[in-house]
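Listed below are the residues making up each chain.
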Amino acid sequence: MRYILATGAVLAGLCSAPALAQQKIDSLGVTVTTNVTLLSDYVFRGVSQTDTQPAIQGGVDIEHDTGLYVGVFASNVNFADANMELDGMFGHRFSLGGLKLDVGGIYYGYPSATSTISFFEAALRGSYEVGPATLLAGFYYSPNFQFNSGDAYYLEGGADVKLPWEITLSGRFGYQWIQRNDRFGLDDFANWSIAVSREFFGFKVSVGYYDTDVSKGDCPLGVGGSNVCEARAIASIGKAF
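Residues numbered from 1 in each chain as written. Predicted model: local features only at pLDDT ≥ 70, side-chain atom pairs only at ≥ 80, totals over all residues. Heavy atoms only, no water.

Description of the state of the cysteines
Think of a disulfide as a covalent bridge from one cysteine sulfur atom to another cysteine sulfur atom. Taken as a whole and assessed by the stated rule, the structure comprises one disulfide. Residue Cys219 pairs covalently with Cys229 via a disulfide, S to S 2.1 Å. Taking the sign of the S-S torsion, 80° for the link of Cys219 and Cys229, the bridge is right-handed. Of the two residues, Cys219 sits in the loop between strand S14 (203-212) and strand S15 (232-239) while Cys229 sits in the loop between S14 and S15, which places them 10 residues apart along the sequence. Among the residues examined, Cys229 registers a relative accessible area of 1% and is labelled buried. (Disulfide = S-S within 2.5 Å. Helix = DSSP H or I, 4+ residues; strand = E, 2+ residues; numbered from the N terminus. Buried < 20%, exposed > 50% of the residue type's maximum accessible area, 1.4 Å probe, protein only.)

Some thoughts on unusual backbone geometry
One non-glycine residue, Thr52, adopts positive backbone phi at about 65°. If you trace the backbone, Thr52 turns up in the loop between strand S4 (47-48) and strand S5 (55-64). Taking the relative accessible area as the measure of exposure, Thr52 reaches 25% and is therefore partly exposed. A positive phi is found at Asn148, a non-glycine position, where the angle reads about 50°. Along the chain, Asn148 turns up in the loop between strand S10 (133-142) and strand S11 (152-163).

So, the environment of Asp151
By the element assignment, Asp151 lies in the loop between S10 and S11. Among the residues examined, Asp151 registers a relative accessible area of 26% and is labelled partly exposed. Sequence-wise, Asp151 and Arg180 are 29 residues apart; in three dimensions their C-alpha atoms are separated by 7.9 Å. Side chain to side chain, Asp151 and Tyr141 meet in a polar contact 2.9 Å long. (Polar contact = N/O pair within 3.5 Å; in protein donor to acceptor, adjacent residues only side chain to side chain.)

That is the geometry; function is a separate question.
Encoded structure:
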């Protein structure tokens, strides 16, 4: 049986952020941002990382006034021989006129796994506000993707639109290219999503639809035998602490 190999974090960038708590340490010139989120399923680029089961996630981001930052992210997962994901990230956030940019890198780690599923990606992300909409784009490159599958490229674009009643509508479309598809376990594939979110009493609640163009026959089964590439609805709730 083959297992799905796509992985990764719900990080600051192209996805709707969970509830955040920020603390400014003036003496150090840094801002510490923390978050915790409960999701009905954890998908990365349209593919479930928890075998269609719930996930609990948390992260910490430390950013200096210069725009330099480091961060960590953790989540439960259930694929291959991994049950935990622990990521590290670094980079520089800055603005060019109205364009906000984030140049950095992400290391996706799986401490309990014995297989070669950990990998690194360089990332370039940008956002630009146009009226009530924020346009978003990102490009990611890995020199050696999961299971030694070689060069991999991921391109994503989308928008967040502010609607009445403090609702945000978010849409994304992305495409993943992999050099050695036979080692990775999937051909190059597209994914997309649409979601709405709103804050209630300090909790950020989101409901969305996620899908890929991977056919049922081409998708490796999850650990529990589920189709981890198929369309699904996902709900999440985040709380600041």
